[in-house]
Amino acid sequence: MSQKFIKSKNNNQYNAAYGKYFATAVYDSHFVGTDELAEFIQRQASVKKSDIKAVLQELGEAMKHFFEMGQKIKLDGIGIFKVGFSSIGVDKIEDCGASTISTRRVLFQPETTRVVTGQERKNGKVKQKYVNSITLLKDVVFEETHDNAMNAEPETPSTGV
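**Topic: the side chain of T100**
And step 1. Within the element layout of this structure, T100 appears in the loop between β4 (79-87) and β5 (101-110).
And step 2. Side-chain polar atoms of T100 contact the backbone oxygen of G97, separated by 2.6 Å.

**Considering the packing of helix α1 (residues 34-44) against helix α2 (residues 49-68)**
And step 1. Contact geometry for α1 and α2: axes closest at 9 Å, N-to-C directions at 130°. Relative to α2, the element α1 lies oblique. Classified by chirality, the crossing of α2 by α1 is right-handed. Here T34, D35, L37, A38, E39, I41 and Q42 of α1 come into contact with α2, specifically with K49, I52, K53 and L56.
And step 2. Taken together, the residues of the contact of α1 with α2 sort by class into 5 nonpolar, 2 polar and 4 charged.

**A look at the environment of Q13**
And step 1. Its location among the elements puts Q13 in the loop between β1 (3-9) and β2 (21-26).
And step 2. We classify Q13 as exposed; its relative accessible area is 53%.
And step 3. There is a polar contact of 3.3 Å between the side chain of Q13 and the side chain of Y14.

**Some details on α2**
And step 1. For α2, spanning 20 residues, the distance from its first C-alpha to its last is 29 Å, which sits close to the expected 28 Å at 1.5 Å a residue.
And step 2. Helix geometry: α2 is bent most strongly at L59, by close to 25°.
And step 3. Of the positions making up α2, those classed as buried are I52, M63 and F67.
And step 4. Lining the buried residues of α2 we find α1, β3 (73-75), β4 and β5.

**Digging into unusual backbone geometry**
And step 1. Located in the positive-phi region is N123, a residue other than glycine, with phi close to 55°.
And step 2. Mapped onto the elements of the fold, N123 is located in the loop between β6 (112-122) and β7 (125-134).

**Thoughts on the sheet that holds strand β8 (residues 142-144)**
And step 1. If you trace the 3 strands from one edge of the open sheet to the other, you get β2-β1-β8, paired in mixed fashion. Both outer strands of the open sheet, β2 and β8, are each paired with one neighbouring strand and no more. The average angle at which neighbouring strand axes cross in this sheet is 45°, direction not considered.
And step 2. Taken together, the 6 bridges between β1 and β2 define a ladder with antiparallel strand orientation. Its bridge partner lying in β2, K7 is registered against A23.

**Remarks on the sheet that holds β5**
And step 1. Taken together, 3 strands build an open sheet; the order of strands is β3-β4-β5 and the sheet is antiparallel. Because the sheet does not close on itself, it has two edges, and the strands there are β3 and β5. Shown here is a sheet whose adjacent strand axes are inclined to one another by a mean of 25°, direction ignored.
And step 2. As paired strands, β3 and β4 are joined by 3 bridges and run antiparallel to one another. When the sheet's bridge partners are listed, K74 is paired in β4 with I80.
And step 3. Against the sheet, α2 makes contact with β3, β4 and β5, and its axis sits at roughly 55° relative to β4, the strand it touches most.

Definitions and cut-offs
- Residues numbered from 1 in each chain as written.
- Predicted model: local features only at pLDDT ≥ 70, side-chain atom pairs only at ≥ 80, totals over all residues.
- Heavy atoms only, no water.
- Helix = DSSP H or I, 4+ residues; strand = E, 2+ residues; numbered from the N terminus.
- Polar contact = N/O pair within 3.5 Å; in protein donor to acceptor, adjacent residues only side chain to side chain.
- Axes fitted to C-alpha atoms, helices over the stretch in contact; angles between N-to-C directions.
- Parallel < 35°, antiparallel > 145°, perpendicular 65-115°, else oblique.
- Left-handed = near helix turned anticlockwise from the far one by under 90°.
- Contact = heavy atoms within 4.5 Å.
- Nonpolar A, V, L, I, M, F, W, Y, C, P; charged D, E, K, R; others polar.
- Buried < 20%, exposed > 50% of the residue type's maximum accessible area, 1.4 Å probe, protein only.
- Expected span 1.5 Å × (residues − 1).
- Bend = angle between axes of the 7 residues up to and from the residue.
- Pairing = 2+ DSSP bridges.

This is the structure we're talking about:
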């Protein structure tokens, strides 16, 4: 399988990249839920689906707990999660407080690995060239599609089996 993309043209004349073409990700309409994720993990590990689901369901509560404590959460092989928010600007410092926070969100910083891409010699010294590669995407294959509205097979109701 591969991550699909289409070629699209930037038609925003006020943008510096106006007229240029870009690869744009295309996703199917199916969201992978807890059940499907647990089923996949069960096939890869020696843990029962019910145990995996229990852990995944508790993960949200655990994350909320640590966010309330002002902590960041690092999941090895995945990345770092932390709280982010926006605040309304006020004129006086005493007017700035929790009531001025307008939006809340979870920020995600994926885990990266440094990948050496080459070397260059400068002033008699060898300097390595590298890029930071997102670990989760390291082996993802990309493939062009002409369908900008990919659809997965229709969801079937769960039979509880």
